[in-house]
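Summary of the model geometry
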Amino acid sequence: MAQNIIVQVGQCGSQIGCRFWDLALREHASLMSSTDPKKCIYDASLSAFFRNVDENKNTSLSYPSPIRTLKARAVLVDMEEGVLRSILASPLRDLFDGEQFIRDVSGAGNNWAVGNRFYGEKYRQILSDEIRRQAEQCDSLQSFMLIHSMGGGTGSGLGTFILSLLDEMYPKVCRIVTPIYPSKDDDVITSPYNSVLATRVLTEHADCVLPVDNDSLIDIVSRCDSSTKKNDNGRCPFDSMNTIVANLILNLTSSSRFDGPLNVDLSEIPMNLVPYPRLHYLISSQIPAPFKMTTNSSIPRNINQIFRDALSPHFQTLRVRPQIDGIYIACGMILRSKTIQMSDIRRNIDLLKLKHMKFVKWNEDGWKVGLCIVPPNGLPYSLLTLANHTCIKETFSELKERFTILYRRKAHVHHYTDHMELGDFEQARENLNQLIEEYKNIEQTNELLDTTENKNSSIATTNIPRLNVLS
Amino acid sequence: MSCIILQLGQCGNQVGQCVFDTLIEDNLTHSNQTKLSITNDSSINDYIRHSLDRFFIQYENKLTARALVIDTELKVIEQLMNEKSQSKRHWSYEKKCVIEGRLGSGNNWACGYRNGSLAEENILNSLRWQLEHADRVDTILPILSLAGGTGSGLGAYVVECVRDELPRSFLLTTIVVPYTSGEVVVQNYNSLLTLSHLYHSADALLVFENDILQQYAKKLVSYSGIDRPTNIHDMNNILTRHLCSFLQPISNKTISICEINYLLESVLPHSFYKLLTLRCVPQLSDQALDFSTYNWSSLIKTLSQMYINNSYLDERLNWLLKPNQTRTKSIANLFLARSYDKEDIDKDLKQYFNHETFYSSFISSSDYYYLFNYRDKSYLNYEKYLSLISNCQTPVSALDRIVNKSWQLFGQKAYLHHYYKYDIDEQEFLNSFVQIEQVIKSYNQL
């Protein structure tokens, strides 16, 4: 069974990471057949995220074996002490060895260059040693999952440094990143700089990115639970927001951890949903919005309703409108349910394709479906949709605008040039431009193919003729 | 004379297990016994003896399947080998012949192919173990699906290895073509690459299509009166019944029990035409079988109409089509008749299948079709069973579809970087395109 290593970087990354470990333990606990800890078995699905360690002999046990001490497969990185210290004081502290924490005291001052260049170099050896140590404890390492924010200094800078380090050390292992993009009225002024600089690294070194936008998370939470709104003093419902992201990772890996009629391994997700190496940004949405531990009364009862909601922008973790502009390049759905059958899924997908979803002409069958029979903890089912859609260029355009407003005046740039050159800014912006262009290209090529087809409806849908065999 | 089955990937393993179960079931159906025992009827004795010898290693009352179980994920292998499944069966798999990987191939043909080269030594060792425990092995039967990464990529590598290791053996590959509407986005790439590699290394490709199996399964489920959706077991069952109908012993006028490669030599006259399809009648659910009787002429007539309509199912046939309006042409047809009667069917066959229009012009009329019989035992619980193996144009439409869709993706250079990562480059793709286009063209010209 494949194993994954979680790398949580920075304050935001650490908090989401902790929520993730909490939820993962709860999920596995609810699946155990007995509540007696001595009888619980460490099985293949647990080994995806945890090691089973015999503290006395200091060895790891492979599955199946009775659970002794579970240790998380994780690397926790922060350049400030606050969050890591609180983890060590929480009940989760037993999940981690001391060596899994890589920390410093002074923080990165919301500066990507400090995080990436300064701390990157300083901790390069330590980071690669710890990563290697974690990787060697895995039988078959399938992916690295990185969680960090894009607006700050540590998460953004050091997080992306770690990403490029992972690419160097383990190029064949899948790298999936869940970056948290800052909201428009984020209180960190330099967040556009940090985000754009980090996006460049993400584009070049990640296999698959599931971007999350703080604004959307707040929307989801406030829409689904009217009592929790952004309070007057601007405090966000961070707890609920973190839960949504943590559940995203859990649901993503559910099909590779648990059984089901149609399994989707993590490595199959980029294989099927990412046709071009740079265009690996997937818009995710989860139904029902998983931010409460208890059952949500607004869960739709009808299967068809679930699928209709899947396309609704209300549940997306990014503020884009796929139904209105742009085109689907590929789409994946992972359903966790005991009762829903493959035939239901196929039927609904056919309906959706017909009415609501516009796919590129050359990839009309660009669907990847996974069905897992283990529903999430506390819910009867859950549907995770991952869409590779060109409307994400809107997100990049907005980011570029915010970046340009600051960069035009070279505001705050001098903080960065201590550790990097001005040229890096230019390159990062260029990268964004190229991304936006590439997505636009796909839309335009598709329109061309569309018009040629309409003119000559008898000719095949591709404008490149097939090979002709001369006899 | 033994056959070794290679179960490659998830589909291969599920079907392979079903095959062995069905073979045992068939060997038991001449009587209502639950244990295999030698009866007084010597011809059935022969049948059972040959069938067991062909597919199982017998030692001290234990049956071990002549099979290699190969997969890169643990889930299916665990299901096959766990205690519960083993206890339900009369036979078992040999642990030395189970080759498992841990990481899967991620629907990536190139990754599967690479996994093949990593596992080559283990696979060849297991193969040699099987060869040592058989007197003579002439036929190797890989079973794989085209859509995923393991069955297709690893499967292609394994078939090439086996061809190198046993150059004179007969390699009959059973392939399952995925649903048109897609299980895996890159399935057409995977199918294309596998087909071209297999066409090069294997002697024959027996083609099954998921779309058709699904239709067939739906029909059977609706006949049975139970209202439930079809599932993968139904489809596997149908495939296995078809497959076993020609894997079991059969004879012709001159030879008492014919070997599989001898059988298929007659349908493979030309090394460039390797695609085989299998049509069988009657097509009934188990419940309906008890209540139906058939005679040979109606079976043969239905079969001929199925052929003319280019269909695998005996429903929605256009009975008004005449033989000269046939929608498919073949190079050769092979009939396998199994029943417990000794009726002569030559006349009916001649009446319905001796039409020039059915066959390509370069075939002479004496080679149109061949008939093999086993008339001392019925097949499973079918009173009469007739299988038609054709080397015909029917599977070409599936190939055409695969090439069309792959070409569209290839034209946009989509998904190629996943393959480059494992050293499969554009040239490899182009070679495959060329190879399969040639196959399509030569079949279309029949």
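Values in this document were obtained by computation on a predicted structure and should not be read as measured data.

1. Comments concerning the overall build of chain B
Across its full length, chain B carries 16 helices and 13 strands. In terms of overall dimensions, chain B is globule-like: its C-alpha atoms have a radius of gyration of 21 Å, near the 22 Å expected for 446 residues. Dimensions of chain B, computed from the C-alpha atoms along their principal axes, are close to 60 × 55 × 45 Å. Across the 446 residues that make up chain B, the buried fraction comes to 63%. Taking contacts inside chain B between residues at least 6 apart in sequence as the whole, the part at least 24 apart equals 80%. Working note: accessible area of chain B is about 17,700 Å², and carbon and sulfur atoms make up 47% of it. Of the charged side chains in chain B, 41 are positive and 48 negative, and the gap between their average positions amounts to 3 Å.

2. Details of the sheet that holds strand S4 (residues 67-71) of chain B
All names here are of chain B. A sheet is described by the order of its strands in space; here 10 strands give the open sequence S6-S4-S1-S7-S8-S9-S10-S13-S11-S12, paired in mixed fashion. Of all strands in the sheet, those bounded by a partner on one side alone are strand S6 (98-100) and strand S12 (369-374). Sheet twist, expressed as the mean angle between neighbouring strand axes with direction ignored, is 20°. Against the sheet, helix H7 (residues 187-201) engages strand S7 (137-145), strand S8 (170-177), strand S9 (204-209) and strand S10 (275-281), with an angle of about 160° to S8.

3. A word on the side chain of Asp104 of chain A
Residues and elements named next belong to chain A. With respect to the secondary-structure elements, Asp104 resides in the loop between strand S8 (101-103) and helix H3 (112-136). On the basis of relative accessible area, Asp104 is assigned to the buried category, the value being 10%. Only 2.5 Å separates the side chain of Asp104 from the side chain of Tyr123, close enough to count as a polar contact. Beyond its immediate chain neighbours, meaning those up to four positions away, Asp104 contacts Asp78, Met79, Glu80, Glu81, Tyr119, Lys122 and Tyr123.

4. Points about the confidence of the model for chain B
Counting all residues, the mean pLDDT for chain B is 88, and 97% of those residues have values of 70 or more. Complex prediction metrics read pTM 0.90 and ipTM 0.88.

5. Quick look at the interface of chain A and chain B
In this complex, chain A contributes 45 residues to the contact, which on the side of chain B involves 44 residues. Interface area, chain A with chain B, both sides summed: about 3,800 Å², of which 50% is carbon and sulfur. Summed over the three residues of chain A that lose the most area to chain B, namely Met271, Arg466 and Leu467 of chain A, the buried surface amounts to 21% of that side. On inspection of chain A and its partner chain B, the count reaches 3 salt bridges. Put simply, Asp365 of chain A and Lys405 of chain B hold a salt bridge, and the shortest N to O gap is 2.7 Å. Put simply, chain A and chain B have 13 residue pairs in polar contact (both at pLDDT 80 or more) between them. Put simply, the parts of the chain that give the side of chain A that touches chain B at least two residues each are strand S9 (141-149), helix H7 (238-257), helix H8 (268-273), helix H10 (342-355), strand S15 (367-372) and helix H13 (422-455) of chain A. With 5 residues, H8 of chain A is the single largest residue contributor to the side of chain A that touches chain B. Class assignment of the residues belonging to the side of chain A that touches chain B gives a composition of 20 nonpolar, 15 polar and 10 charged.

6. Description of the confidence of the model for chain A
Residues and elements named next belong to chain A. In the predicted model, chain A carries a mean pLDDT of 86, and the fraction of residues at 70 or more is 92%. Contacts from residues 229-233, a stretch scored under 50 in pLDDT, to residues over four places away or in other chains number 5 contacts. Below a pLDDT of 50 lies the segment residues 457-462, which in the model reaches 4 contacts outside its immediate sequence neighbourhood of four places, other chains included.

7. Brief notes about the environment of Val396 of chain B
Residue position: Val396 of chain B is located in helix H14 (residues 396-411). Considered as a pair, Val396 of chain B and Val184 of chain B are 212 residues apart in the sequence and their alpha carbons are 21 Å apart.

8. A closer look at the nonpolar core
Counting 313 residues, the largest nonpolar core has Trp21 of chain A together with Phe246, Leu264 and Phe353 of chain B as its most contacted members. Broken down by element, this core gets its largest block of residues, 9 residues, from helix H5 (residues 109-132) of chain B. Every residue in contact with Trp21 of chain A, bar those within four places of it in the chain, is listed here: Ile6, Gln8, Phe49, Phe50, Ala72, Arg73, Ala74, Leu92, Leu95 and Phe96 of chain A.

9. Comments concerning the sheet that holds S15 of chain A
All names here are of chain A. Here 4 strands make up an open sheet; going across it, the order is S13-S16-S14-S15 and the pairing mixed. The sheet is open, and its two borders are formed by strand S13 (283-287) and S15, each paired with just one other strand. This sheet shows a mean twist of 10° between the axes of neighbouring strands, independent of strand direction. Strand direction decides the pairing type here: strand S14 (residues 328-337) and S15, joined by 6 bridges, are parallel. From the neighbouring strand, Cys331 faces S15, where its bridge partner is Trp367. Sheet contacts for H7: S13, S14, S15 and strand S16 (381-389); angle to S14, the most-contacted strand, approximately 85°.

10. Brief notes about the pattern of salt bridges
Close approach of charged atoms lets side chains of opposite charge pair. Using the criterion set out here, one finds 48 salt bridges over all chains in the structure. A salt bridge links Glu426 of chain A to Arg429 of chain A; the nearest nitrogen and oxygen atoms lie 3.3 Å apart. Residue Glu426 of chain A and its partner Arg429 of chain A are located together in helix H13, separated by 3 residues, close to a single helical turn. Here Arg401 of chain B and Glu209 of chain B are joined by a salt bridge, their closest N and O atoms 4.0 Å apart.

11. Focus on the packing of aromatic side chains
By the definition in use, this model includes 50 aromatic pairs over all chains. Pairing Tyr328 of chain A with Phe359 of chain A gives two aromatic rings, centres 5.5 Å apart and planes at 20°, and the pair type is stacked. Taken as a pair, Tyr328 of chain A in strand S14 and Phe359 of chain A in the loop between H10 and S15 lie far apart in primary sequence, 31 residues in all. Owing to a relative accessible area of 5%, Phe359 of chain A belongs among the buried residues under this scheme. Pairing Tyr407 of chain A with Phe425 of chain A gives two aromatic rings, centres 5.3 Å apart and planes at 20°, and the pair type is stacked. Of the two residues, Tyr407 of chain A is situated in helix H11 (residues 392-408) and Phe425 of chain A in helix H13; the sequence distance between them amounts to 18 residues. You'll find Tyr407 of chain A and Phe425 of chain A in the same group, each marked buried. The side chain of Lys219 of chain B reaches across the aromatic face of Tyr216 of chain B, ending 5.4 Å from its centre.

Basis of the calculations
Residues numbered from 1 in each chain as written. Chains lettered and ligands numbered in written order. Predicted model: local features only at pLDDT ≥ 70, side-chain atom pairs only at ≥ 80, totals over all residues. Heavy atoms only, no water. Helix = DSSP H or I, 4+ residues; strand = E, 2+ residues; numbered from the N terminus. Rg over C-alpha atoms; globule rule 2.2 N^0.38 Å. Buried < 20%, exposed > 50% of the residue type's maximum accessible area, 1.4 Å probe, protein only. Contact = heavy atoms within 4.5 Å. Areas by Shrake-Rupley, 256 points an atom, 1.4 Å probe, with all protein chains shown as cover. Lys, Arg positive; Asp, Glu negative; His and termini not counted. Charge placed at Lys NZ, Arg CZ, Asp CG, Glu CD. Pairing = 2+ DSSP bridges. Axes fitted to C-alpha atoms, helices over the stretch in contact; angles between N-to-C directions. Polar contact = N/O pair within 3.5 Å; in protein donor to acceptor, adjacent residues only side chain to side chain. pLDDT = per-residue confidence, 0-100. Buried area = accessible area lost by both parts, 1.4 Å probe. Salt bridge = Lys/Arg side-chain N within 4 Å of Asp/Glu carboxyl O. Nonpolar A, V, L, I, M, F, W, Y, C, P; charged D, E, K, R; others polar. Core = buried A, V, L, I, M, F, W, Y, C linked by side-chain atoms within 4.5 Å. Phe/Tyr/Trp six-rings, centres within 6.5 Å; stacked < 30°, edge-to-face > 60°. Lys NZ or Arg CZ within 6 Å of the ring centre and 35° of its normal.

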